[in-house]
Amino acid sequence: MSFQPVKFYQTGTFTVGNRLLAAEERSVQANMRRTNSINSGHRACQGCGEALGARYAIDAAMEATGKRLIAANATGCLEVFSTPYPETSWQVPWIHSLFGNTAAVATGIAAAMRVKGRSDIRVVAQGGDGGTTDIGFGCLSGMFERNDDVLYLCYDNGAYMNTGVQRSSATPAAARTATTMAVGEPPGNVFGQGKDLPAIAMAHGIPYVATATVAELRDLEAKVRRAMEFRGARYLHIFVPCPLGWGHAAHDTIRIARLAKETGVFPVFEAERGEVVSVSKIRRQLPVEEYLRPQKRFAHLFGKAPRADLIARIQEIADRNIRRYGLVDG
Amino acid sequence: MLKQIEGSQAVAQAVALCRPEVICAYPISPQTHIVEGLGEMVKSGALARCEFINVESEFAAMSVAIGAAAAGARAYTATASQGLLYMAEAVFNASGLGLPIVMTVANRAIGAPINIWNDHTDAMSQRDCGWIQLFAENNQEALDLHIQAFRLGEELSLPVMVCMDGFILTHAYERVDLPTQEQVDAWLPPFEPRQVLDPAEPVSIGAMVGPEAFMEVRYLAHAKQMRALELIPGWADEFRRAFGRDSGGLLHSYRTEDADTIVVALGSVLGTIKDTIDEMRRDGVKIGVLGITCFRPWPLAAVRAALAHATRVVVIEKSLAVGLGGIVTSNVRTSYGGSADAVHAVIAGLGGRSITRASLARVFAAALAGTLEPLSFLDLDGALVERALAREREQRRSGPIAEGMLRDLGVVAARI
Ligand SMILES: Cc1ncc(C[n+]2csc(CCOP(=O)(O)OP(=O)(O)O)c2C)c(N)n1
Ligand code: SF4
Ligand SMILES: [Mg+2]
């Protein structure tokens, strides 16, 4: 982990921006002079993890670059809820071109900055899991392979939310979406091979790859800051619950994100040049049921005919993550 | 400076003289020599202050150009055929955003069946995408149109596609007059974008627009293209004064003053048509040719004026609107005051089929004799088509179409 986590046992959480900290240790968000890069008034759903993650990530990037930042954005919820014409929430120079080309657009911006002798201006590209792992995958891999000076932020909510919660290649096994209904066998999404994008990013050998969740926002900020210390292609995969698509209460976004980490469903780590350099350990390991049960997209695993077999298979996936990344000491 | 060089090199050098800042490209025949030439200039340092990015697809090429142009850099790419289709979504996006990218299209057929040879199907498929489309008749014009394209695009905040016939022009060695850097610098001012991604003045580009303003945004794109119709002729005059030759403009008429039959075409085939017409003129036939340089925007009034005295129009076009006929012809009909039946579509040269003077002479003679159909296909092998149709009538599983035809033909490579 790239900074010393501070545990606020008073609240039992890693709460952000706490007044108990010395000023220099406080989060970017806790600072009155934060940039509010995504300003209030946007149309995200209540409790949207993507809005939260993007706000923290971009504000942290703004701080890290001294406000010399340009953002390219893929089509998706973040783009749609932030820029209903003629209004915009963005306080950074921002461009939306298409769904699948964001990494390449960012490459073009970075090239323009280099040729103009303005390499002090840094570039982020951002998109949802669909825009990243599916339709934008080719452009993303090209950007990685050329090691273009771009930080790519993927907000993973595990489906095509903007078009009404259809399956993407980041949709977890057994999850119900509009195109993987809770019928048939197995109900919900298939148990496929998955598409582990952080691992694929690492396989490109790029300078920096990390994962984060909106449950540990200071960790997210620290990773954005760390990413900005590198030149070249960087990738940050952020786990962002979606109350609408996942069917959980809006006030549970952070709790669900924390449960994903604490069950091993979503491993949180950092890697440099293809090697893992730090992992966020699980504090108190929980069974995957704890994570699955509050979400309606997994309701068919519980209900009248519980599917202990499928839950066990999801547990296996989490256990494999725990082993692979050494998430639990001992 | 006069030089005997390949068309692709001429274009590469013209583009380099325009001081591009970001060049991105993905290889496809017959565009390759252009970007290879530019790539070498950037890598060797001959073309300074320019980034050359080897991308992983044409979709990425256009997307990199979009990002670069939105960040205020002069951006260039080149493609053809499948590559143009592969980037189509981004092609529309570039014009929708109003980014003055310049792109060469080395015109080539589109598969299936896969075919690397020249026709205009690629460019025509994007005719309504909001880009200005200029067609070069020869390599000198291809070179000159690129220099004009940067200025035109940047003045209007619109992207410009310079179309040149694949192989016929891109791979032909011709003498061209290459201007000096001073001449080009004097003609083409540095790029001053109307919109730019700048941390000092943050803007959002590419917002979602609903029914309340979408029509207006599209209309504005149309209005800008109409403005291009006003600007282009004056700029052609200015170009003549600065560079000492006629290049660009909306259209070129040749021997049309007293012509009652006017042939309309785009691109390199104009040379063959002119030769054919010269011969017919010697026999006293009142025939001329109208070359369309600017296809988008469509120079409606200029074409109408140029065709005003014609009683018969023959459009030779290297693309086919399947299920309709001629694409250029449809445009010409909007500009012709006489009967629509007097405008004949002749589909020619698809997939690199040679357009010979003998065949053209036959078609023009038929037009004069009143026997030319409203739609015809130059040198179509009707028997070959009939055999394929018969095969389909006779057996349900008639097999792959193109392969069947090739089998009927026997060894064909030598006939191209
Ligand atoms: C080429 C193309 N195909 C499909 C779409 C429709 N589309 C727009 S947003 C979207 C889903 C976005 O999903 P994701 O990237 O995961 O972002 P989210 O909305 O979930 O944040 C889809 C399918 C599109 N805009 N462009
Ligand atoms: S659908 Fe999900 S991702 Fe989209 S705005 Fe709502 S909560 Fe956020
Ligand atoms: Mg998503």
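Residues numbered from 1 in each chain as written. Chains lettered and ligands numbered in written order. Predicted model: local features only at pLDDT ≥ 70, side-chain atom pairs only at ≥ 80, totals over all residues. Heavy atoms only, no water.

Draft legend 1. Representation of the overall build of chain A within the structure. When helices and strands are tallied, chain A shows eleven helices and eight strands. Against the compact-globule benchmark of 20 Å for 330 residues, chain A has a radius of gyration of 19 Å, which places it among compact chains. Its C-alpha atoms give chain A principal-axis dimensions of about 65 × 45 × 40 Å. The buried share among the 330 residues of chain A stands at 59%. Long-range contacts, defined here as pairs at least 24 residues apart, represent 70% of the contacts in chain A between residues at least 6 apart. As displayed, chain A has an accessible area near 13000 Å², and 51% of this comes from carbon and sulfur atoms. (Helix = DSSP H or I, 4+ residues; strand = E, 2+ residues; numbered from the N terminus. Rg over C-alpha atoms; globule rule 2.2 N^0.38 Å. Buried < 20%, exposed > 50% of the residue type's maximum accessible area, 1.4 Å probe, protein only. Contact = heavy atoms within 4.5 Å. Areas by Shrake-Rupley, 256 points an atom, 1.4 Å probe, with all protein chains shown as cover.)

Draft legend 2. Quick peek at the sheet that holds strand S6 (residues 234-239) of chain A. Strand order in the open sheet made by the nine strands is S8(A)-S7(A)-S5(A)-S6(A)-S4(A)-S3(A)-S1(A)-S2(A)-S9(B), with mixed pairing throughout. Every interior strand has two partners, whereas the edge strands, strand S8 (275-279) of chain A together with strand S9 (204-205) of chain B, have only one. (Pairing = 2+ DSSP bridges.)

Draft legend 3. Quick peek at empty space enclosed by the protein. All names here are of chain B. Enumeration over the complete set of coordinates arrives at six cavities of 30 Å³ or more. A volume near 70 Å³ is recorded for the largest cavity. Along its surface, the largest cavity is lined by Leu134, Leu145, Gln148, Ala149, Leu152, Ile232, Trp235, Gly248 and Gly249. Residue contributions to the lining of the largest cavity peak at four residues, all from helix H7 (residues 139-156). Tallied by class, the residues present in the lining of the largest cavity amount to six nonpolar, three polar and no charged. (1 Å grid on protein atoms, 1.4 Å probe; cavity = no way out; pocket = protein on both sides within 12 Å on 5 of 7 lines; lining within 4 Å. Points joined across faces, edges and corners; volume = space filled by probe spheres on them. Nonpolar A, V, L, I, M, F, W, Y, C, P; charged D, E, K, R; others polar.)

Draft legend 4. A look at the site of ligand 1. In the region of ligand 1, 17 residues are neighbours, and Glu50, Cys77, Gly130, Gly131 and Ala159 of chain A sit closest. Looking at what sits near ligand 1, you find residues from chains A and B. Ala159 of chain A has a polar backbone atom sitting 2.9 Å from an oxygen atom of ligand 1. Here ligand 1 has 580 Å² of accessible area as a free molecule, and 78% of this is covered by the chains. By residue class, the composition of the shell around ligand 1 is six nonpolar, eight polar and three charged. (Near = heavy atom within 4 Å. Polar contact = N/O pair within 3.5 Å; in protein donor to acceptor, adjacent residues only side chain to side chain.)

Draft legend 5. Layout of the side chain of Asn115 of chain B. Residue and element names in this part refer to chain B. Topologically, Asn115 is positioned in the loop between strand S5 (102-107) and helix H6 (121-125). Among the polar contacts made by the side chain of Asn115, one reaches the main-chain carbonyl oxygen of Gly351 at a distance of 3.0 Å. Those residues in contact with Asn115 that lie beyond four places of it in its chain are Arg108, Ala109 and Gly351.

Draft legend 6. Region of interest: helix H9 (residues 214-243) of chain B. Residues and elements named next belong to chain B. Under the 1.5 Å per step criterion, the end-to-end length of H9 is 41 Å for 30 residues, consistent within 8% with the ideal 44 Å. Along H9, the sharpest kink reaches roughly 30°, centred on Leu231 and followed within four residues by the proline Pro233. By the burial criterion, the buried members of H9 are Ala221, Gln225, Ala228, Leu229, Leu231, Ile232, Trp235, Ala236, Phe239 and Phe243. Contact partners of the buried residues in H9: strand S6 (132-135), H7, helix H8 (181-187) and strand S13 (294-296). One or two residues past the end of H9 sits Gly244, with phi positive at roughly 75°. (Expected span 1.5 Å × (residues − 1). Bend = angle between axes of the 7 residues up to and from the residue.)

Draft legend 7. Expanded view of the site of ligand 2. All names here are of chain A. Contacts to ligand 2 come from Ala44, Cys45, Cys48, Cys77, Phe81, Asn157, Cys242, Pro243 and Leu244. Elements represented by at least two residues in the shell around ligand 2 include exactly helix H2 (77-82) and helix H8 (243-246). Each residue belonging to the shell around ligand 2 can be placed in one class, and the counts come to eight nonpolar, one polar and no charged.

Draft legend 8. Looking closely at the coordination of the magnesium ion (ligand 3). Residue and element names in this part refer to chain A. Protein-derived ligands of the magnesium ion (ligand 3) are Asp129 (OD), Asn157 (OD1) and Ala159 (O), with the metal-ligand distances lying across 2.0 to 2.1 Å. One chain supplies every donor to the magnesium ion (ligand 3), and in sequence these donors are spaced D-x27-N-x1-A. With a gap of 28 residues between them, Asp129 in helix H4 (residues 129-134) and Asn157 in the loop between strand S4 (150-156) and helix H6 (197-203) connect regions that are remote in the sequence. The class for Asp129 is buried, based on a relative accessible area of 0%. (Donors = N, O, S within 2.8 Å, 3.2 Å for Na, K, Ca; no water.)

Draft legend 9. Up close: the packing of aromatic side chains. Counted by the stated rule, this structure contains 17 aromatic pairs over all chains. Every member of this aromatic cluster is reached through a ring pair, and the members are Trp187, Trp235, Phe239 and Phe243 of chain B. We note Arg313 of chain A situated over the ring of Phe191 of chain A; from NZ or CZ to the ring centre the distance is 4.1 Å. It is Lys274 of chain B that lies over the ring of Tyr254 of chain B; its NZ or CZ is 5.4 Å from the centre. (Phe/Tyr/Trp six-rings, centres within 6.5 Å; stacked < 30°, edge-to-face > 60°. Lys NZ or Arg CZ within 6 Å of the ring centre and 35° of its normal.)

Draft legend 10. Molecular detail of the nonpolar core. Ile95 and Tyr235 of chain A together with Leu38, Met62, Ile66, Tyr76 and Ile101 of chain B are the most contacted members of the largest nonpolar core, which totals 145 residues. With ten residues, helix H3 (residues 58-70) of chain B is the single largest residue contributor to this core. When we break this core down by domain, the ones giving at least three residues each are domain 1 (2-243) and domain 2 (251-377) of chain B. Ignoring any residue separated from it by four or fewer positions in sequence, one finds Ile66 of chain B in contact with Ile95, Ser97 and Val105 of chain A together with Ala90, Asn93, Ala94, Leu97, Leu99 and Ile101 of chain B. Grouped together as the second largest cluster of nonpolar side chains are 63 residues, Ala61, Leu69, Leu259 and Leu301 of chain A included. (Core = buried A, V, L, I, M, F, W, Y, C linked by side-chain atoms within 4.5 Å. Domains from an automatic or database assignment.)

Draft legend 11. Region of the structure containing H3 of chain B. All names here are of chain B. The end-to-end C-alpha distance of H3, which contains 13 residues, comes to 18 Å, matching closely the 18 Å that a straight helix rising 1.5 Å per residue would cover. You can read the cap of H3 off the contacts: a side-chain oxygen lies 3.3 Å from the backbone nitrogen of Phe59, and it is on Ser57. Following H3 by one or two positions, Gly72 has its phi on the positive side, about 90°.

Draft legend 12. Just the interface of chain B and chain A, in detail. At the interface, 37 residues of chain B touch 37 residues of chain A. When the two sides are added together, the surface that chain B and chain A hide from each other amounts to roughly 2800 Å², 65% of it contributed by carbon and sulfur. Its largest share of buried area at the contact with chain A, chain B owes to Leu197, Pro199 and Met208 of chain B, together 20% of the area lost on that side. At the boundary of chain B with chain A, the tally comes to three salt bridges. On inspection of chain B and its partner chain A, the count reaches 13 residue pairs in polar contact (both at pLDDT 80 or more). Breaking the side of chain B that touches chain A down by element, the ones donating at least two residues are strand S3 (51-54), H3, helix H5 (88-97) and S9 of chain B. Per-element accounting of the side of chain B that touches chain A gives the leading share, eight residues, to H3 of chain B. Judged from the two bridges that link them, strand S2 (residues 94-96) of chain A and S9 of chain B form a sheet pairing that is parallel. Residue pairing across strands places Trp94 of chain A opposite Ser204 of chain B, the latter belonging to S9 of chain B. (Buried area = accessible area lost by both parts, 1.4 Å probe. Salt bridge = Lys/Arg side-chain N within 4 Å of Asp/Glu carboxyl O.)

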